[in-house]
Structure formats: structure tokens, C-alpha cells
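# Residue-level structure breakdown
Listed below, chain by chain, are the residues.
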Number of protein chains: 2
Amino acid sequence: MLDYKLLEALGAVVDQAGFERGAQALGLTQSAVSQRIKLLESRLGQPVLVRAPRIAPTELGRRLLNHIQQVRLLEHDLLDYVPALGEREHRLRIALNADSLDTWWCEAVADFDTGQPLLFDLVVEDQETALTRMRDGEVAACLCATPRSVQGARARPLGGMRYLPVATPGFLERHFPGGITPDALTEAPGVVFGSDDRLHQRYIAHHGVTAPFPHHLCPSSEGFHRMIRAGLGYGLVPELQCHDALERGELSLLEHDTKIVVPLYWHYWRQGGQVLEALSEHLTRVARHWLTDLSESERHEPVPPT
Amino acid sequence: MLDYKLLEALGAVVDQAGFERGAQALGLTQSAVSQRIKLLESRLGQPVLVRAPRIAPTELGRRLLNHIQQVRLLEHDLLDYVPALGEREHRLRIALNADSLDTWWCEAVADFDTGQPLLFDLVVEDQETALTRMRDGEVAACLCATPRSVQGARARPLGGMRYLPVATPGFLERHFPGGITPDALTEAPGVVFGSDDRLHQRYIAHHGVTAPFPHHLCPSSEGFHRMIRAGLGYGLVPELQCHDALERGELSLLEHDTKIVVPLYWHYWRQGGQVLEALSEHLTRVARHWLTDLSESERHEPVPPT
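Residues numbered from 1 in each chain as written. Chains lettered and ligands numbered in written order. Predicted model: local features only at pLDDT ≥ 70, side-chain atom pairs only at ≥ 80, totals over all residues. Heavy atoms only, no water.

As recorded in an unreviewed UniProt entry, chain A goes by the name LysR family transcriptional regulator (Chromosome initiation inhibitor), listed as coming from Kushneria sinocarnis. Turning to chain A, the UniProt annotation filed under Sequence similarities (unreviewed entry) states: "Belongs to the LysR transcriptional regulatory family." (UniProt positions renumbered as here; feature names shortened; annotations may be inferred.)

Here is the structure:
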């Protein structure tokens, strides 16, 4: 078998982003940790870490880290039977889209209780990268818009996130005095999450606009919403995020009958252990409080969530 | 002089993350854009783009992009005199910390008006990377906690962001029944922005705790705040973000007299043109609405903002 003491040293140095803090986390001296990593590298005949410009695992190191993570999830299942095994905390690394994290996610997991401390290691990713991370085993689960699961994983539909085209009333007056025309959509500044944000493109394409349009780039879900609230642009915002501002009249809809629904699927390792299985059950059950029914017509048009 | 048509093609392909969309943005065919980039590469004798796994500039490509950005900023100043030059929009690429973007930033820039459309290209970065990006010329300005400016740039103090240690009342009852003791701080789950989040470490070190502590990792400012609101952990949240929840009693302070102030400095290119200069003046003037006076004692202890 692999020498897990050595792997644990690798894990600690990467998690803590340094030898000194990694050693501290393990209750070891820095030189003991360095020796373990050197020993691991000499046994494998390859480096597991790059030291500069910042500490990062090599390709091999990443594979070892994934392996440790999987072993830990499996070990956790043993704890119910052999509590003396000792490790009390359970860590789950999960990739999810920014809009979920900044809206419904925290409330949805808040009442999930395994009776043991569960710690989340969240990674914000667009869906393509999230699925690659699942495939490489870097995350134990991910939220994304694709129903098709990767090898070794299951996918469950959670529901849809509804996006509404919104702006401040003042912005609408200035930029859309004649309504939502193709010309106005080509002239008015939009707010876009990233240069591959297909949601906005899909919205304007619906109005026949495929030309480039002026836009701010804002890679933060809450920041995105705030840019629109501040009157800097218009954009597609999750209903969960803009509902209150719409009620208060601080934001207005560009159109009343247009919405885009992005489906969200929960992907998780099959061999991820009982906690991950239970969390998956839990999410499937509670997500409908925040998400819409996927039987809506948009079901078959997945768009990457931002 | 350089052939700016070729550089423009490079810029469009990178900005739009693809040849097809880059070509669309320039109103050219895809093959025309490919040819321009090939010509650029053959003239320079080196690739300017890597094509896989996704389109990204090479080191040389990045330098060229920085150069275009600087030239554009300078061109913009000419527009006042020669409006016929044509380019109407002004883009500013700015790196800033997640907490600023998710709290005061949008409101602060909302009333900045140059009389011409100004579009923001925001990049969320921790302070070290932000300064490297300034140094490499990738961003025209950045917000960070370091007063020392990089070469070719100026730095202005904007004020301090005040962070408060908070949790839900229920969380405090469960995890801190005997007050904020070192033991409780070592046992209670914290919420940390990233593995190099020194703010939390500084807070617990103030209580004599240097041991590892259980923590969630959540790399989103709003998500961070929501995890704490959902009772998943305690942590240091900008006062701007938790003020209302504290008023409503949904969050409580761990201690009444402890706060950490992170100074924020605005760094911007000296040769960045009039719009950047005016924005810098504007921010220096308005930021005090949201930020505290930097004469507070914490001034000389910069901590990376998250």
C-alpha cells in the first residue's frame, strides 16, 4: 500500500499553501514535513510539488491528492462503526456556479445534519471546468447545467434557476425609451459575467441581435447584481437575487414575459461514501424551495450558469 | 510602428475567447482574423496565442495585449479633440478585491460620469496577484492593501474596510457557550475565503490561537457572508456587509470591541490617460462614504483583503 503519512504531508502543504503552515496543521516540524515530501518524490521518481512562484501540486501530485480525498471519504464511512479511528471532521470539496453560491446554496445546506462536523471546501467554477474537475476527481461533487454524468459519478436534476432581464427604472428610461428594440440592445451597456457568458448572448439573440454590444465584465455574482442596481448596465439576474429589488421598484423588468431558465444538476461520486450520498439526497429534496420545476419548456436548452 | 490591425485581431480573439466571436466583434470573417494572427506570429517569429485547451495569450501575447490597452487609453484622450477618431467606448480593466466589489464599489463608481460611455472590465484578485497584474500592465488600476506603488503607477489611500467577527446567535450559543476562549476558537468551524486568508488567522492569533482550526473554504464574498448567516460557521465579515443583519439580530458580534481594519489603496497607471486620472480623483473623493479613516491605528498593518 501507499505510505499515507507521506501523502498526508503533501495534502497539508497544498491545503495550507506552505510548508510551515502545513507542518503546523499536522503538528509536525517543518523539516519533518519536507523530509516526507522528499521521500515521496524519491520513491515516485518525480516531483509532486512545484515550489515557485507559489506552491502547487504537479500533475502527479494532483492525482495523489484526489486519491487521498477519495480514501478519506471512504474512511469516513468506517467512523460510524469504529469511532476510535479518530478523524472527526469530514471535508467535502464541491464545485458550484457563482449564482448558486450567492443565492440559495448556503440556506439549502444549512439544515443538513450528519451528526458530525461537515466542512465545505467550495470552488467557484463555470460548468465546463467543473465537469473536468469532477472527471479528474478534484472535487467530490459539482453543480452544473449538464445532465450527462461523468464516469464514476451520478447526476441528479435539482431544478432550474430563473433569470430575468432587469435594469433600474432610470436606466430603462435613458437607454430603452422606445422599448426593447434590437438597436437599443446593441447600444445599451450590458453587464456580462465573463467573455463566455452565453446567457446574455442568448437573450439578445432572442431579439435578433448577434452583433457585438457594449458591456461591462464582472466576474462576481453579487457584484454583477450590484452593478445593475447602481444603474451601470442591464443584464440577466437570478430571480432569487433581484426579487426584492423588483418588489421595491428599485429594478424593473425589461420585458414581462421573458425569462431564461438554467437547469442545475448535482453530480457526485458514486464511491463518495455515505455523507456525500446523504447530502445528495438532501439537496434533491430541498432544492425545489429555491429552484423551479425542470419540466418547464427550457429544460432541453442547457446554458452554462454563471 | 507596429501593425495595429494585427494586434487588434489578437485582442478581439482573446477578449471574445474564440476566433469566431473575435471575428464577429471586429466585423471580419473568421479566416481574415486567422490570417492576421498568423501574420503577426510570422513577423514576430513566435506564437502569440495558445489554442488548446482554451484560447489564451502566450507571454508575448500578453505583453502585446497590455500594450494595446495602454495605447487605447492614450488614444482616448485624443477623442476630446478629434471626435472623428471614432471609438466611442472606453474600457478600463481593473483588479479589485471580492469584498469591495460585493459591497461599496458599484455605488462608488455609479455617479462617475465622463460624458462618454465607460465600460468596466473587472477582475477579482487577491492583492498579491493584483499588484503583479499592475506591474505586468495587465490591468490599468487595482485596489489593494499595499501602499507602495509599482513602477509607472501611482497609489492613493482610499480608506479602510472594517471587518467584524460575527456569527448567528444560535451558532454562538452552540460553539461559544463559555465566551470567546482559545479552546472554543480552535473547535468552532470558521469560514475562510481561501487557504491564504490571513484575516481569520490574525483574528484568532489575537486570542493566542495558532493551531489549525476547522474551517469551510468559500471563495465568494457574498457566499462567505451567507454561509455565516446560515449558521455554518463564524468569520470576519465587512461591516458594510453585515451591518443590517446585526441590526436585525440575525447576526451577533463575537466581541464588541474587536475589529480589523484593512486599508485600501488605489493604484493606477501614470500614463493611463484622462479618464483614469478623473476616476482616480473621483474614487479618492467618494470612497470615504463607505470606508473608514486610515488614521486608525491599524493603518500600518496591511492584511490582504479577500
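### Topic: the packing of aromatic side chains
Counted according to the given criterion, the structure contains 14 aromatic pairs over all chains. Measuring from ring centre to ring centre gives 6.5 Å for Phe171 of chain A and Phe176 of chain A, while their planes differ by 50°; the resulting arrangement is tilted. In terms of burial, Phe171 of chain A and Phe176 of chain A fall into one category: buried. On the basis of an interplanar angle of 75° and a centroid distance of 6.0 Å, the ring pair of Trp105 of chain B and Phe120 of chain B is categorised as edge-to-face. (Phe/Tyr/Trp six-rings, centres within 6.5 Å; stacked < 30°, edge-to-face > 60°. Buried < 20%, exposed > 50% of the residue type's maximum accessible area, 1.4 Å probe, protein only.)

### What to know about the side chain of Thr103 of chain B
Structurally, Thr103 of chain B is set in the loop between α5 (98-101) and α6 (105-110). We classify Thr103 of chain B as buried; its relative accessible area is 6%. Within the structure, the side chain of Thr103 of chain B is placed 2.6 Å from the backbone oxygen of Asp99 of chain B, a separation counted as a polar contact. Once residues lying within four places of it in the same chain are set aside, the contact partners of Thr103 of chain B are Arg226 of chain A together with Met161, Leu240 and Gln241 of chain B. (Helix = DSSP H or I, 4+ residues; strand = E, 2+ residues; numbered from the N terminus. Polar contact = N/O pair within 3.5 Å; in protein donor to acceptor, adjacent residues only side chain to side chain. Contact = heavy atoms within 4.5 Å.)

### Let's talk about the interface of chain B and chain A
Much of the literature gives interface size as the accessible area that the parts lose upon coming together. Listed by partner, the interface residues are 46 residues for chain B and 46 residues for chain A. For the interface between chain B and chain A, the tally reads zero salt bridges. If you look at where chain B meets chain A, you find 16 residue pairs in polar contact (both at pLDDT 80 or more). Elements with a contribution of two residues or more to the side of chain B that touches chain A: α2 (19-26), α6, β4 (118-124), β8 (215-217) and α11 (221-229) of chain B. Counting residues per element, the side of chain B that touches chain A draws most heavily on β4 of chain B, at seven residues. Considered class by class, the residues forming the side of chain B that touches chain A number 21 nonpolar, 11 polar and 14 charged. (Salt bridge = Lys/Arg side-chain N within 4 Å of Asp/Glu carboxyl O. Nonpolar A, V, L, I, M, F, W, Y, C, P; charged D, E, K, R; others polar.)

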